[in-house]
Amino acid sequence: FMIATAFMSMWISNTASTVVMLPIALSVINLLINQQENTSKQTKNFALSVMLGIAFSANAGGIATVIGTPPNSILIGLLENEYNIQISFVKWMLVGLPFAILLITIIYFLLVHVMFPSQGLLFNASSRLINSELKKLGRLTPKEKHVLYVFGTVVFLWIFRTVINSFLPDLKLSDTVISIIGAIALFAIPFDLKKGVFILDWKDTQKLSWGILILFGGGLALAKGMSSTGIVSLITNYIAAGNFSILITASLLILLMLFMTELMSNVALVAVLAPVVAGIALGLEIPILYLLIPVTMASSCAFMLPMATPPNAIVFASGFVKVHEMARIGVIINSIAVVILIALFKYILPLLF
């Protein structure tokens, strides 16, 4: 469940990946409960592990790619617009994917072996359920294949963009351009030309989360405003005049971002704080990427409270998770994430950027 959720979260919204996995998880849990004469502690622990595992791996999986979670996209936009710095899809994955894998592995170990052990629990219902669900899906339809081809092409272009640009420099491909090409392809490439059928129609966009796109634009505009009015320069000069340790400053910023995102939207938080963090990095006379990347990643490491992220809220609403249970393991994972991000800042990022 965790691997499947994390993989989906790399490419689609973590909310959507959680919503997809939740009904299957609930079916497996209910089958297990019905199989047991009494709901044992092991059964409850298994339900907790699955529910929290789905939510936490959805949060962590999104960190792996540029498009996996909105804060990553905000950071990329800020860097390109304000500092003319580009981070390729592959370059981000070199940092984000190992971090996500390590974090998910730690989460799995804590859930299954430390906090909510359920060893010795045996049942065969889950395999039957999943097999029956697969049979209901049937073969891939022509439309599904069409979407898969477009998606595969877009991912290929994202990963090999720099190689393609080196051979065909006039193309000037960017991650943004590739994304737009993929979206237009779903509207423009006909599925059935005679009947005038396309994969997507304009009416399909009515269900798009336009609010999040407006929030992105607002965040970038706010960053530009903070830069133009001199707020960022003021912070930069204050840090430059001070005598703060670089490591302590970075650690405090990571800690601040991670625990603030438990109470606030990580999208809004990154939009507001990213330009300030960039100013602090300039004041400390270190490359802004060293500080911005771990601080942005920290905004997606919200594991403690149900309202911190949509995946947390969705699994909490299932009724199998209590607030104190999520908080108890969440604070441990948050603390581990802080340590990993500080190590990333200190040792890994200087090797890659």
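For the structure itself, consult the block above.
Reading the values: rules and limits
Residues numbered from 1 in each chain as written. Predicted model: local features only at pLDDT ≥ 70, side-chain atom pairs only at ≥ 80, totals over all residues. Heavy atoms only, no water. Helix = DSSP H or I, 4+ residues; strand = E, 2+ residues; numbered from the N terminus. Buried < 20%, exposed > 50% of the residue type's maximum accessible area, 1.4 Å probe, protein only. Contact = heavy atoms within 4.5 Å. Areas by Shrake-Rupley, 256 points an atom, 1.4 Å probe, with all protein chains shown as cover. Axes fitted to C-alpha atoms, helices over the stretch in contact; angles between N-to-C directions. Left-handed = near helix turned anticlockwise from the far one by under 90°. Nonpolar A, V, L, I, M, F, W, Y, C, P; charged D, E, K, R; others polar. Arc of directions from axis to C-beta. Core = buried A, V, L, I, M, F, W, Y, C linked by side-chain atoms within 4.5 Å. Patch = residues over 30% accessible without salt bridge, like charges linked within 9 Å, V, L, I, M, F, W, Y side chains within 5 Å. Salt bridge = Lys/Arg side-chain N within 4 Å of Asp/Glu carboxyl O. Lys, Arg positive; Asp, Glu negative; His and termini not counted. Charge placed at Lys NZ, Arg CZ, Asp CG, Glu CD. Phe/Tyr/Trp six-rings, centres within 6.5 Å; stacked < 30°, edge-to-face > 60°. Lys NZ or Arg CZ within 6 Å of the ring centre and 35° of its normal.

### Some words on the overall build of the protein chain
Here comes step 1: Counting secondary structure elements, the protein chain contains 16 helices and two strands.
Here comes step 2: Split into buried and exposed, the 353 residues of the protein chain put 46% on the buried side.
Here comes step 3: Partitioning the contacts of the protein chain with sequence separation of at least 6, the portion at a separation of at least 24 is 75%.
Here comes step 4: Counting every atom, the protein chain has about 18100 Å² of accessible surface; 69% of that belongs to carbon and sulfur.

### Comments concerning the packing of helix α1 (residues 2–9) against helix α3 (residues 41–61)
Here comes step 1: The interhelical angle for the contact between α1 and α3, taken along N-to-C directions, is 30°, at an axis separation of 7 Å. Of the two possible hands of crossing, α1 and α3 adopt the one that is right-handed. Across from Met 2, Thr 5, Ala 6 and Ser 9 in α1, the residues of α3 making contact are Gly 53, Ile 54, Ser 57, Ala 58 and Gly 61.
Here comes step 2: In terms of residue class, the contact of α1 with α3 is built from four nonpolar, five polar and no charged.

### A word on α1
Residues that lie three or four places apart on an α-helix share one face, since the helix turns once every 3.6 residues.
Here comes step 1: Turning to α1, its buried residues number three or more, namely Met 2, Thr 5, Ala 6 and Ser 9. For α1, the buried positions fall inside an angular range of 95° around the axis, keeping them on one side. Exposed residues lying more than 90 degrees from the buried face of α1 are Ile 3 and Phe 7.

### What to know about the environment of Cys 301
Here comes step 1: Note that Cys 301 resides in the loop between α14 (288–298) and α15 (310–316).
Here comes step 2: Excluding anything up to four places from it in sequence, Cys 301 contacts Ile 63, Phe 99, Leu 103, Leu 258, Glu 262, Asn 334 and Ala 337.

### With respect to unusual backbone geometry
Here comes step 1: Positive phi, normally seen in glycine, also occurs at Asn 84, with a value near 55°.
Here comes step 2: Here Asn 84 is to be found in the loop between α4 (70–82) and α5 (89–115).
Here comes step 3: Judged by relative accessible area, Asn 84 falls into the exposed class, the value being 69%.
Here comes step 4: Despite not being glycine, Lys 172 shows a phi value in the positive range, around 50°.
Here comes step 5: With respect to the element layout, Lys 172 can be found in the loop between α8 (161–167) and α9 (175–188).
Here comes step 6: Relative accessible area serves as the criterion here: at 65%, Lys 172 is assigned to the exposed category.

### Overview of the packing of α14 against helix α16 (residues 323–352)
Here comes step 1: Look at α14 against α16: their axes get within 9 Å of each other, and the N-to-C directions meet at 145°. Taken as a pair, α14 and α16 cross one another with a handedness that is right-handed. Taking contact as the criterion, the partners of Leu 289, Tyr 290, Leu 291, Ile 293, Pro 294, Met 297 and Ala 298 in α14 are, on α16, Leu 341, Leu 344, Phe 345, Leu 349 and Pro 350.

### Digging into the nonpolar core
Here comes step 1: Counting residues in hydrophobic clusters, the biggest one holds 96 residues, and the most contacted among them are Leu 52, Phe 56, Leu 103, Leu 291, Ile 293, Met 297 and Ile 329.
Here comes step 2: Looking at this core element by element, the count peaks at 13 residues for α5.
Here comes step 3: Ignoring sequence-local partners within four residues, the contact set of Leu 52 consists of Leu 111, Phe 116, Val 321, Met 326 and Ile 329.

### Structural notes on a positive patch on the surface
Here comes step 1: Taken together, the side chains of Lys 41, Lys 44, Lys 322 and Arg 328 define a basic patch exposed on the protein surface.
Here comes step 2: Looking at the secondary structure, you find Arg 328 in helix α16.
Here comes step 3: The class of Arg 328 is partly exposed, set by a relative accessible area of 42%.

### So, the packing of aromatic side chains
Here comes step 1: Within this structure, the stated rule accounts for seven aromatic pairs.
Here comes step 2: Between Trp 11 and Phe 151, the ring centres sit 5.9 Å apart and the planes meet at 85°, which makes this aromatic pair edge-to-face. Separated by 140 residues along the polypeptide, Trp 11 in the loop between α1 and α2 (14–35) and Phe 151 in helix α7 (residues 142–159) bring together distant segments of the chain.
Here comes step 3: Given the relative accessible area of 16%, Trp 11 is considered buried.
Here comes step 4: With a centroid separation of 4.8 Å and an interplanar angle of 45°, the aromatic rings of Phe 156 and Phe 160 are classed as tilted.
Here comes step 5: Taken together through their ring pairs, the aromatic side chains of Phe 7, Trp 11, Phe 89, Phe 151 and Trp 158 make up a single cluster.
Here comes step 6: Above the face of the Phe 353 ring, Lys 91 is positioned so that its terminal group lies 5.4 Å from the ring centre.

### Re the side chain of Arg 161
Here comes step 1: With respect to the helices and strands, the residue Arg 161 is situated in helix α8.
Here comes step 2: Residue Arg 161 is classed as buried on the basis of its relative accessible area, which comes to 6%.
Here comes step 3: Non-local contacts of Arg 161, meaning those with residues more than four positions away in its chain, are made with Gln 86, Ile 87, Ser 88, Phe 89, Leu 173, Ser 174, Asp 175 and Ile 178.

### Thoughts on a nonpolar patch on the surface
Here comes step 1: There is a patch of nonpolar side chains on the surface, built from Phe 156, Phe 160, Val 163, Phe 167, Leu 168 and Leu 171 and spanning about 620 Å² of accessible area.
Here comes step 2: One can find Phe 160 in the loop between α7 and α8.
Here comes step 3: Residue classification places Phe 160 among the partly exposed residues on the basis of a relative accessible area of 37%.

### So, the environment of Asn 165
Here comes step 1: With respect to the secondary-structure elements, Asn 165 resides in helix α8.
Here comes step 2: Residue class for Asn 165 comes out buried when judged on its relative accessible area of 18%.

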